[in-house]
Amino acid sequence: MKRSLLVLVAALAVLGSARAEDTLEKLKDSGAITLGVRESSGVLSYTLGGSKYVGYHVAICEKAVENIEKAIGKKLQVKYQPVTSQNRISLVQNGTVDLECGSTTNNATRQKDVAFANTTFVEEVRMAVKASSGIKGIADLKGKTVATTTGTTSVQTLRKNKRADNLDFKDVFGKDHADSFLLVESGRADAFVMDGSLLAGLIARSKNPADYKIVGEVLSVEPIAIMMRKDDPGLMKIVNATIAGMTKSGEINTLYDKWFKQPTPPTGAVVNLPMSKYLEQALKSPNNQPAEDYAKKVS
């Protein structure tokens with residue numbers, strides 16, 4: 001019995017060791033890599049229609065693919081798999097997606113299921129409203145309808161805010177960020193609580209950007225990062241080295257300016273969102289600290 005147990009333990013150890021290189025071996029064998037992308041995650045990741053996806057995080061992932069190709073000595077076919085807030089983690093876990101290049105917050109709970117590269121964006125969660133709504137902050141949400149996206153934590157974050165104590169409001173959910181914004185556009189919701197960059201991108205690309213504004217207190221500060229499967233140090237090393245190289249060369253600042261300060265496709269809309277002090281610090285001192293650590297910094 002003891003011998004059988006030892007054999008099982010040894011087998012599991014070998015399996016665990018093999019898993020560490022599974023993704024790179026898989027990519028070399030298949031000749032293809034799948035990037036998880038979003039349909040409407042602001043300028044971090046969005047679609048131009050068909051199978052064309054672009055954005056700040058998509059570009060970082062594509063740069064990482066170039067370095068993965070060098071590491072395995074093989075050119076890869078890049079496939080783009082749309083993911084949602086609901087399925088993004090499971091699609092990474094089950095191997096459908098190799099790198100998730102969207103707008104996923106790195107937090108302690110998710111770290112139990114997946115791994116995150118070093119932080120490449122830091123969000124400030126706020127709310128978008130119609131300019132004519134009269135809503136200026138959390139207190140003005142009393143009796144209102146608040147939208148957020150299914151599978152995200154923004155409304156929970158709002159409810160936990162001390163300024164929302166005993167504040168009665170109704171929440172509704174969009175299937176994705178574009179759908180949540182549409183709830184405000186169509187008057188079915190009074191506010192959309194979400195990451196500031198996503199709100200800014202949606203407003204910039206709306207029919208009448210001047211009709212909307214981002215208001216209210218900062219509800220939370222959250223690190224956003226590229227997501228991958230756990231126990232994959234080979235892949236993690238390449239992705240983090242890519243980010244470090246882009247930071248050292250200044251390429252990541254150029255990329256940030258391209259997507260957040262300059263006209264973006266397809267309409268030429270400008271998000272006009274300066275780099276936050278939190279992102280500047282994260283790039284200066286690379287880390288994959290979860291959102292819980294950022295909460296300590298801003299509390």
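Residues numbered from 1 in each chain as written. Predicted model: local features only at pLDDT ≥ 70, side-chain atom pairs only at ≥ 80, totals over all residues. Heavy atoms only, no water.

Caption draft 1: Up close: the pattern of salt bridges. If you walk through the whole model with that rule in mind, you get nine salt bridges. With its nearest N and O atoms 2.7 Å apart, the salt bridge here joins Lys26 to Asp98. Of this pair, Lys26 sits in helix α2 (residues 22–30) while Asp98 sits in the loop between α4 (88–93) and β6 (99–100), placing them 72 residues apart in sequence. You can call Lys26 partly exposed: its relative accessible area is 31%. In this structure, a network of salt bridges that share partners links the residues Lys26, Asp98 and Arg229. (Salt bridge = Lys/Arg side-chain N within 4 Å of Asp/Glu carboxyl O. Helix = DSSP H or I, 4+ residues; strand = E, 2+ residues; numbered from the N terminus. Buried < 20%, exposed > 50% of the residue type's maximum accessible area, 1.4 Å probe, protein only.)

Caption draft 2: Broad picture of the sheet that holds strand β10 (residues 170–174). The mixed open sheet is built from five strands, whose spatial order is β10-β9-β11-β8-β12. At either end of the open sheet lies a strand with only one pairing partner, and these are β10 and β12 (212–224). Within the sheet, the average angular offset between the axes of one strand and its neighbour, ignoring direction, is 25°. Of the strand pairs in this sheet, strand β8 (residues 121–130) and strand β11 (residues 191–195) are connected by five bridges, and their pairing is antiparallel. Within β11, the position partnered with Arg126 by the bridge is Met194. (Pairing = 2+ DSSP bridges. Axes fitted to C-alpha atoms, helices over the stretch in contact; angles between N-to-C directions.)

Caption draft 3: Summary view of the side chain of Thr119. Relative to the assigned elements, Thr119 resides in the loop between β7 (115–116) and β8. Accessibility expressed as a relative area gives 2% for Thr119, which makes it buried. Dropping the residues within four chain positions of it, Thr119 is found in contact with Pro223, Ile224, Ala225, Ala282, Leu283, Asn287, Asn288, Gln289 and Tyr294. (Contact = heavy atoms within 4.5 Å.)

Caption draft 4: Main features of the state of the cysteines. As enumerated under the stated definition, the model contains one disulfide in all. Between the sulfur of Cys61 and that of Cys101 lies a disulfide, 2.1 Å long from S to S. Here the disulfide of Cys61 and Cys101 is left-handed, its torsion about the S-S bond being about -105°. Placement of the pair is Cys61 in helix α3 (residues 56–72) and Cys101 in the loop between β6 and α5 (108–111), with a sequence separation of 40 residues. Cys101 shares its class with Cys61; the two are buried. (Disulfide = S-S within 2.5 Å.)

Caption draft 5: View of the packing of aromatic side chains. Overall, the coordinates contain nine aromatic pairs when judged by the stated rule. Ring centres of Tyr46 and Trp259 lie 6.1 Å apart, and the angle between their planes is 85°; on these two criteria the pair is classed as edge-to-face. With Tyr46 in strand β3 (residues 45–49) and Trp259 in helix α10 (residues 251–260), this residue pair connects regions lying 213 residues apart in the sequence. Positioned above the aromatic ring of Phe169, the side-chain terminus of Arg159 is 4.1 Å from the ring centre. Of note, Arg205 hangs over the ring of Tyr46, and the distance from its end group to the ring centre comes to 4.4 Å. (Phe/Tyr/Trp six-rings, centres within 6.5 Å; stacked < 30°, edge-to-face > 60°. Lys NZ or Arg CZ within 6 Å of the ring centre and 35° of its normal.)

Caption draft 6: Fine view of the side chain of Thr104. Within the secondary structure layout, Thr104 lies in the loop between β6 and α5. With a relative accessible area of 0%, Thr104 lands in the buried category. Only 3.0 Å separates the side chain of Thr104 from the side chain of Glu100, close enough to count as a polar contact. Dropping the residues within four chain positions of it, Thr104 is found in contact with Arg88, Arg110, Phe116, Pro223, Ile224, Ala225 and Met227. (Polar contact = N/O pair within 3.5 Å; in protein donor to acceptor, adjacent residues only side chain to side chain.)

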